[in-house]
Every structure is written in structure tokens, then in C-alpha cells.
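One letter stands for each residue in the lines below.
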Amino acid sequence: MLKMITLSLSVSALLCADIASLTHIKGEVHIQRAQQALQATVGMPLQIQDVVTTSTHSKTKIRFEDETVIQLGERSTFRLNDYLLDAKNAKADLEVSTGVFKFVTGTIGQIAPERFKIETKNATIGIRGTAGGCRIKEDINTCFCTKGAIVVSNAQGLVVVEAGYMTVIAEGQAPQTPNAFSAQEILMLGDAEAQKAPQEIRDLLASSESGLFSSDTLDTPPLSGYTYTLNTTALDPEADKLLPPQNAADH
């Protein structure tokens, strides 16, 4: 009986342990913890089985103990199913059921990549020292990789997606063969602010042959005078910006 009580207390303590925190919030973000509905604030810790939701025009960044970072875009739902930072039994079981997210893996992705997974509506993402993300829209998931590789799988099949490639997963179907994605496509997967870029910038991004992922910054030609920077690794929610010409105020 004593062993059962001790085990029960250990499980309860594990569930209540703070293993991550919200390091950035823009707009309305909420946490569902058991029967509690909480208004999220910067610095608020997360526990196993917490559910994080973002509203329209809202986003947040979650940093875990092992330096894994998850950035959620607007109208996203994230669930922390399981997590343990331990040399022998490290694991991370995360879930995003709606919205858009980007991620960079930390220590667990290095020491136990086979036990790090992110579940989406139509597939599971496994990692190999990775940065990437996914958009879940209606019955279509679009998963992309910006560093390393990801393994996207479901009951119908499996594909390995290398950096600079993306796969589309329709409900009940195997992940499609990965294709190289254009700057236009990754732009549209991003935040609502990024979609406000002038058409001339979008056209230039889409026609770029160098690709976004040779560096974190893509400079458009002097034709427009604009500089568009798209963050792909650090996951700073404020890093995606459209910068007007420096002398714009003089015109």
C-alpha cells in the first residue's frame, strides 16, 4: 500500500512540474489546465497535459527545459502530452491540432531524436536535429523543414523531408512526395503580418532561385528598395518583417 501511495504521489508531482514557459505573447493566449482556464502571461510555466490556444492575430513562443522552442501562430491549439528531460529516458510528445507552428529542437532532439515527436491532425512529425513547422488547415496539413530533416508519417505511409522541402498530408492519405518549396509558399505559411507584403515583394520572393534557407535573410533587389527578412531558425516571433526603404520618409 505504501508503494502505491508513493507511486501516486510521484506521478502527481511529475504532472505538476514546470517543464516549459511562455517567453513571448502577442494578443490573446489561454491555457487549459485540467478544469482551470487561465489567461496566459509572459513567463507563465507549462505542465504536462496543458493545452495552449491562441486567438486571431495572436501568437506565442514556448521554450522548454532542453531549449526546444515552439512558436504558435494565430488560431492554434497546442497540447503538451508528455515530456521528460533525462539522460536515459528523455522524451517529448507534443501535439498541434489546429493552426500553424514552427519549431527548433533542443537537447532531446540530440540525445533521443527517436523519442521526440509532434503530432498533427493528419500525421506525426519525427525529427533529426531539426527546425521546421507545419500548417494545419481544415483537412490539409502542410509540413516543412528548414534545417536537418523531419520524418512525416501516418498509418498510410512515411516520407523524409529534407531542409528546403515540404510535404502535404490530406486526411486519410499518405504524405505526398516532398517538393522544394518557393519563398512564396513559405511566406504564406507564416504570420498574418507576412501576408501583407506588397505583391512585388511576393513575386521577387517566389522567383528567387537562391532560396530562403541558405541564410536567415533574403534581400530583395534595389528595384523596390524594400528588404524582407524571414526568420527561419531562431523563431523570434517579431523577426519576420517587411522593412521599407530607409529614405521612404523623404518621398
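Asker: An account of the overall build of the protein is needed here, citing residue identities and associated values.
Answerer: In terms of helices and strands, the protein carries four helices and 17 strands. In the protein, which comprises 251 residues, the share counted as buried stands at 43%. Within the protein, counting contacts between residues at least 6 apart in sequence, those at least 24 apart form 43% of the total.

Asker: So, the side chain of Ser58: which residues are in play, and what are the values?
Answerer: Summarising the element assignment, Ser58 is placed in the loop between strand S5 (51-54) and strand S6 (59-64). Owing to a relative accessible area of 4%, Ser58 belongs among the buried residues under this scheme. When neighbours within four sequence positions are excluded, Ser58 is seen to be in contact with Lys26, Gly27, Glu28, Gly73 and Glu74.

Asker: Any details on the pattern of salt bridges? Residues and values, ideally.
Answerer: The final tally for this structure, using the stated rule, is eight salt bridges. A salt bridge links Asp50 to Arg33; the shortest N-O distance between them is 2.7 Å. Of the two residues, Asp50 sits in the loop between strand S4 (45-46) and S5 while Arg33 sits in strand S2 (residues 29-33), which places them 17 residues apart along the sequence. In this structure, Asp93 and Lys117 form a salt bridge, with 4.0 Å as the shortest nitrogen-oxygen distance. Taken together, the positions of Asp93 in strand S9 (residues 91-104) and Lys117 in strand S10 (residues 116-119) put the pair 24 residues apart, joining distant regions of the chain. Judged by its relative accessible area of 17%, Asp93 falls in the buried class. Classification of Lys117 by relative accessible area gives partly exposed; the value is 33%. Ionic contacts of the salt-bridge type, sharing partners, join the residues Asp93, Lys117 and Glu119 into one network.

Asker: Could you give an account of the nonpolar core, naming the residues involved and the relevant values?
Answerer: Counting residues in hydrophobic clusters, the biggest one holds 40 residues, and the most contacted among them are Ile62, Phe64, Ile70, Phe78, Leu80, Phe101 and Ile118. With five residues, S9 is the largest single contributor of residues to this core. Not counting residues up to four positions away in its chain, the partners in contact with Phe78 are Asp50, Val51, Val52, Ile62, Phe64, Ile70, Leu72, Leu94, Glu95 and Val96.

Asker: Quick rundown of the pairing of strand S8 (residues 77-84)? Include the residues and the values.
Answerer: Strand residues, when the strand is regular, have side chains that alternate between the two faces of the sheet. Relative to S8, S5 runs antiparallel, the two being bridged by three bridges. Its bridge partner lying in S8, Val51 is registered against Arg79. In the sheet, S8 pairs with S9 via seven bridges, with the strands oriented antiparallel. Within S9, the residue paired with Tyr83 across the bridge is Ala92. In this antiparallel pair of consecutive strands, S8 and S9, the connection spans six residues.

Asker: Quick one: what's the story with unusual backbone geometry, residue by residue and with numbers?
Answerer: Positive phi, normally seen in glycine, also occurs at Gln49, with a value near 80°. Checked against the element boundaries, Gln49 lands in the loop between S4 and S5. Residue classification places Gln49 among the partly exposed positions, given a relative accessible area of 42%. The backbone of His57 sits at a positive phi, close to 60°, despite the residue not being glycine. Turning to its location among the elements, His57 is positioned in the loop between S5 and S6.

Asker: Break down the pairing of S6 for me, with residues and values.
Answerer: Taken across its six residues, S6 has five buried, putting it largely inside the fold. Here six bridges tie strand S1 (residues 20-26) to S6, and the two strands are oriented antiparallel to one another. Within S6, the position partnered with Ala20 by the bridge is Phe64. Taken together, the four bridges between S6 and strand S7 (residues 69-72) define a ladder with antiparallel strand orientation. Bridge pairing links Ile62 to Ile70 in S7. Turn length for the S6-S7 hairpin, with the two strands adjacent in sequence and antiparallel, is four residues, and the turn residue Glu67 shows positive phi of about 80°.

Asker: Explain the environment of Asp139 to me, and be specific about the residues and the numbers.
Answerer: Along the chain, Asp139 turns up in the loop between strand S11 (124-137) and strand S12 (140-154). Using a relative accessible area of 38% as the deciding quantity, one classes Asp139 as partly exposed. C-alpha of Asp139 to C-alpha of Lys121: the two residues are 18 residues apart in sequence and 8.0 Å apart in space. Contact partners of Asp139, with chain neighbours within four places excluded, come to Lys121, Asn122, Ile169, Ala170 and Glu171.

Conventions we followed
Residue positions are given per chain, counting from 1 as you read along its sequence in written order. It should be noted that, the model being predicted, local features are given only for residues of pLDDT at least 70 and side-chain atom pairs only at 80 or more, the latter also being counted only at that level, while totals for whole chains, interfaces and linings use all residues. Side-chain numbers here rest on the full set of heavy atoms in the structure, without hydrogens or water. Per the convention used, a helix needs a DSSP run of H or I reaching at least four residues, while a strand needs a run of E reaching at least two, with both numbered from the N terminus. Exposure classes here rest on a 1.4 Å probe applied to the protein chains alone. A residue is buried below 20% of its type maximum, exposed above 50%, and partly exposed in between. The contact criterion used throughout is that any non-hydrogen atoms of two residues lie within 4.5 Å. We define a salt bridge as a side-chain nitrogen of Lys or Arg found within 4 Å of a carboxyl oxygen belonging to Asp or Glu. Joining through side-chain atoms within 4.5 Å is the link that ties buried Ala, Val, Leu, Ile, Met, Phe, Trp, Tyr and Cys residues into a set, and such a set is a nonpolar core. Following DSSP output, two strands are said to pair if at least two bridges run between them.

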